[in-house]
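# Chains, contacts and geometry: an overview
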Amino acid sequence: GAVVSQHPSRVICKSGTSVKIECRSLDFQATTMFWYRQFPKKSLMLMATSNEGSKATYEQGVEKDKFLINHASLTLSTLTVTSAHPEDSSFYICSAGGQGVNEQFFGPGTRLTVL
Amino acid sequence: AQSVSQHNHHVILSEAASLELGCNYSYGGTVNLFWYVQYPGQHLQLLLKYFSGDPLVKGIKGFEAEFIKSKFSFNLRKPSVQWSDTAEYFCAASGSARQLTFGSGTQLTVLP
């Protein structure tokens, strides 16, 4: 399957700071990228869907001003957690899909800990 | 509303036992079905997928799943589990929009 990377894999930050997480598709053009959040012992919850060159579509209950998503190219999407608070601590996972492809390829995830 | 249900939250088996994990979905229109596995400390990996055609799908590592449209089910099976199959298993579904809806996951523990 296709390869999707995330950076960083782990980040610890102070409350009030902003954190940027990158998601890259390494060997295919990802027309659509998805961002998920996974709580401990819980399933993945879709946060938003981003299409290259257009604004992201956020799921109900996800604050778009809190979780800024940019999908500037066919290989890169970024999620910025603005003014992070301890309740934002979680495992954030991205996935990427190509044109005409029903399958999504998942990144390894980023563990965010906000102190 | 679209939903995926996994009723087994934690399954404990001995090695060589047979496995069946339940998955039911509620989706309007065409549905694509997936099973993912997440080993401890690792990222999600695709076990198998169903888009159309033969309802019995074979995946990696000896896993298979059967799509039963009349029961809205896509149960995962393996005839003989190994200790290395210990992991979290997620059933997921998507429609034409390609957005995945995940089930709550089933933790499988295989005792040596």
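Refer to the structure printed above.
All values reported here derive from a predicted model rather than from experimental measurement.

All right, on to the layout of surface pockets then. One number sums up the size of the largest pocket: a volume of about 670 Å³. Lining of the largest pocket is provided by 24 residues; of these, Gln38, Lys41 and Arg111 of chain A together with Gln38 and Glu88 of chain B occupy positions nearest its centre. It is strand E10 (residues 87-94) of chain B that contributes the most residues to the lining of the largest pocket, three residues altogether. In the lining of the largest pocket, the residues fall into eight nonpolar, eleven polar and five charged. Here the second largest pocket is characterised by a volume of approximately 250 Å³. Around the second largest pocket sit Tyr36, Leu44, Met45, Leu46, Glu59, Gln60 and Val62 of chain A together with Gln2, Gln99, Leu100, Thr101 and Phe102 of chain B, which together line it. At the level of elements, strand E5 (44-51) of chain A together with strand E11 (100-102) of chain B are the ones that each hand at least two residues to the lining of the second largest pocket. When grouped by side-chain class, the residues that make up the lining of the second largest pocket number seven nonpolar, four polar and one charged.

What follows concerns the side chain of arginine 37 of chain A. Residues and elements named next belong to chain A. Examined against the element boundaries, arginine 37 turns out to sit in strand E4 (residues 30-38). As a buried residue without a salt bridge, arginine 37 has its nearest oppositely charged side chain in aspartate 88, at a separation of 4.5 Å. Here serine 90 takes part through its side chain, which lies 3.3 Å from a polar atom of the side chain of arginine 37. Leaving out residues up to four positions away in the same chain, arginine 37 has contacts with Ser43, Leu44, Met45, Met47, Phe67, Glu87, Asp88, Ser89, Ser90, Phe91 and Tyr92.

Scoring rules and cut-offs
- Along every chain, residues carry numbers that run from 1 in the direction the sequence is written.
- Chain labels run from A onward and ligand labels from 1 onward, assigned in the order the entries are written.
- Predicted model: local features are reported for residues with pLDDT of at least 70 only, side-chain atom pairs are reported and counted for 80 or more only, and whole-chain, interface and lining totals are derived from all residues.
- With hydrogens and water stripped out, all remaining heavy atoms of the structure feed into the side-chain values.
- Put plainly, a pocket is an open set of points on a 1 Å grid over the protein atoms alone with protein on both sides within 12 Å along at least five of seven lines, a cavity is a set where a 1.4 Å probe fits but cannot get out, and a lining residue has an atom within 4 Å of a point.
- Grid points are joined across faces, edges and corners, and a volume is the space filled by probe spheres set on the points.
- Where helices and strands are cited, they refer to DSSP runs of H or I of at least four residues and of E of at least two residues respectively, numbered from the N terminus.
- Only Asp, Glu, Lys and Arg are considered charged, only Ala, Val, Leu, Ile, Met, Phe, Trp, Tyr, Cys and Pro nonpolar, and every remaining residue, Gly among them, polar.
- We call a residue buried when its accessible area falls under 20% of the maximum for its residue type, exposed when it is over 50%, and partly exposed in between, using a 1.4 Å probe and counting protein chains only.
- Charge assignment: positive for Lys and Arg, negative for Asp and Glu; neither His nor the chain ends contribute.
- For salt bridges, the criterion is a side-chain nitrogen of Lys or Arg within 4 Å of an Asp or Glu carboxyl oxygen.
- Each polar contact in these results corresponds to two N or O atoms within 3.5 Å; when the atoms are within protein, one needs to be able to donate a hydrogen and the other to accept it, and residues that are neighboring in sequence are counted only if both atoms are side-chain atoms.
- Residues are treated as being in contact if the distance between any of their heavy atoms lies within 4.5 Å.

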